[in-house]
Amino acid sequence: MATIYTQAGEEKVVDLIDGVSAVHLDATNAKIGWGTGAGTHTKASTTLFTEASEARVAATVTQPAADKNQWVATMTCAGAGKTITNAGLFDAATAGNLVVAGDFTGIALAVGDKIEFTIS
């Protein structure tokens with residue numbers, strides 16, 4: 001899986017450090033979403049490729065080491081089967097900033113199938 005720490009993500013962290021932003025990437029605000037589109041994310045990416053219809057889900061946030069944060073969330077395929085090709089960490093349930101994005105070989109899902117994403 002190719003993982004990109006986006007420009008918007010870097011700016012978000014800087015704003016948190018200097019106090020400009022009060023919206024933390026905590027269990028309240030950190031959301032993980034998935035997409036079905038093709039492509040390769042870049043530093044300039046601001047959205048997933050064809051974000052899927054399922055709502056972004058709240059992430060469980062941990063700090064497994066002093067210099068590392070980790071967000072984990074499980075998404076469930078609803079409505080119709082699909083192939084998931086990318087996922088990302090956002091700072092809001094809708095819109096918001098794409099902080100980290102990952103692209104991977106498509107995973108075909110049927111209704112009710114789940115994927116657990118871990119973003120570090």
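Residues numbered from 1 in each chain as written. Predicted model: local features only at pLDDT ≥ 70, side-chain atom pairs only at ≥ 80, totals over all residues. Heavy atoms only, no water.

### Thoughts on the sheet that holds strand E6 (residues 82-90)
Defined as follows: By the convention used here, strands pair only if DSSP detects at least 2 bridges between them. Going along the chain from the N terminus, every DSSP run of H or I of four or more residues is numbered as a helix, and every run of E of two or more is numbered as a strand. For this analysis, residues touch if any pair of their heavy atoms sits within 4.5 Å. A fitted line through C-alpha atoms serves as each axis, taken over the contacting stretch for helices, and the angle formed by two N-to-C directions is quoted from 0 to 180°.
Spatial strand order, E1-E7-E6-E2-E3: 5 strands in an open sheet with antiparallel pairing. Each end of this open sheet is capped by a strand with a single partner; those strands are strand E1 (2-5) and strand E3 (57-58). Alignment of strand E2 (residues 31-35) against E3, held across 2 bridges, turns out to be antiparallel. Looking at the pairing, Ile32 lines up with Val57 of E3. Strand contacts of helix H1 (residues 7-17): E1 and strand E7 (98-109), with the helix running at about 45 degrees to E1, the strand carrying the most contacts.

### Re the environment of Ala59
With respect to the helices, strands and loops of the structure, Ala59 is situated in the loop between E3 and strand E4 (60-65). Distance in space between the C-alpha atoms of Ala59 and Glu116 is 10 Å, their sequence separation being 57 residues. Those residues in contact with Ala59 that sit more than four places away from it in its chain are Ala27, Ala30, Ile32, Trp71, Val72 and Ala73.

### Things to note about the side chain of Lys12
Along the chain, Lys12 turns up in helix H1. In this structure, Lys12 is in contact with Ser21, Val23, Asp91 and Asn97, ignoring residues within four places of it in sequence.

### Digging into the sheet that holds E4
Taken in spatial order, the 3 strands make up an open sheet running E4-E5-E8, and their pairing is antiparallel. The sheet terminates laterally at E4 and strand E8 (114-119), the two strands that pair on one side only. Taking the axes of each pair of neighbouring strands and ignoring which way they run, one obtains an average angle of 25 degrees across the sheet. As judged from the 4 bridges shared by E4 and strand E5 (residues 68-76), these two strands associate in the antiparallel manner. By the bridge assignment for E5, Thr60 is matched with Val72.

### Re the environment of Ala55
Tracing the backbone shows Ala55 in the loop between E2 and E3. C-alpha separation for the pair Ala55 and Thr94, spaced 39 residues apart in sequence, amounts to 8.3 Å.

### Comments concerning the pairing of E8
Test applied: Only protein chains enter the calculation, and the probe is 1.4 Å; a residue is then buried if its accessible area is under 20% of its type maximum, exposed if over 50%, and partly exposed in between.
Across the two faces of E8 the burial differs, with Ile115, Phe117 and Ile119 buried and Lys114, Glu116 and Thr118 not buried at all. Direction of pairing for E5 relative to E8: antiparallel, over a ladder of 6 bridges. Within E8, the position partnered with Thr74 by the bridge is Glu116.

### A few points about the pattern of salt bridges
The cut-off we apply is this: Any Lys or Arg side-chain nitrogen located within 4 Å of an Asp or Glu carboxyl oxygen qualifies as a salt bridge.
For the structure shown, the criterion picks out 4 salt bridges. Linking Glu51 and Arg56 is a salt bridge whose minimum nitrogen-to-oxygen distance equals 2.8 Å. As a salt-bridge pair, Lys82 and Glu54 come within 2.6 Å of each other at their nearest N and O atoms. Of this pair, Lys82 sits in strand E6 while Glu54 sits in the loop between E2 and E3; the two residues are 28 residues apart in sequence, bridging distant segments of the chain. Assessed through its relative accessible area of 10%, Glu54 is described here as buried.

### Considerations on unusual backbone geometry
For Thr50, which is not glycine, the phi dihedral falls at a positive 50 degrees. Considering the arrangement of structural elements, one finds Thr50 in the loop between E2 and E3. What makes Thr50 exposed here is its relative accessible area of 52%. Even without a glycine there, the phi angle at Ala95 is positive, about 55 degrees. With respect to the helices, strands and loops of the structure, Ala95 is situated in the loop between E6 and E7. The exposure class of Ala95 is exposed, given its relative accessible area of 57%.

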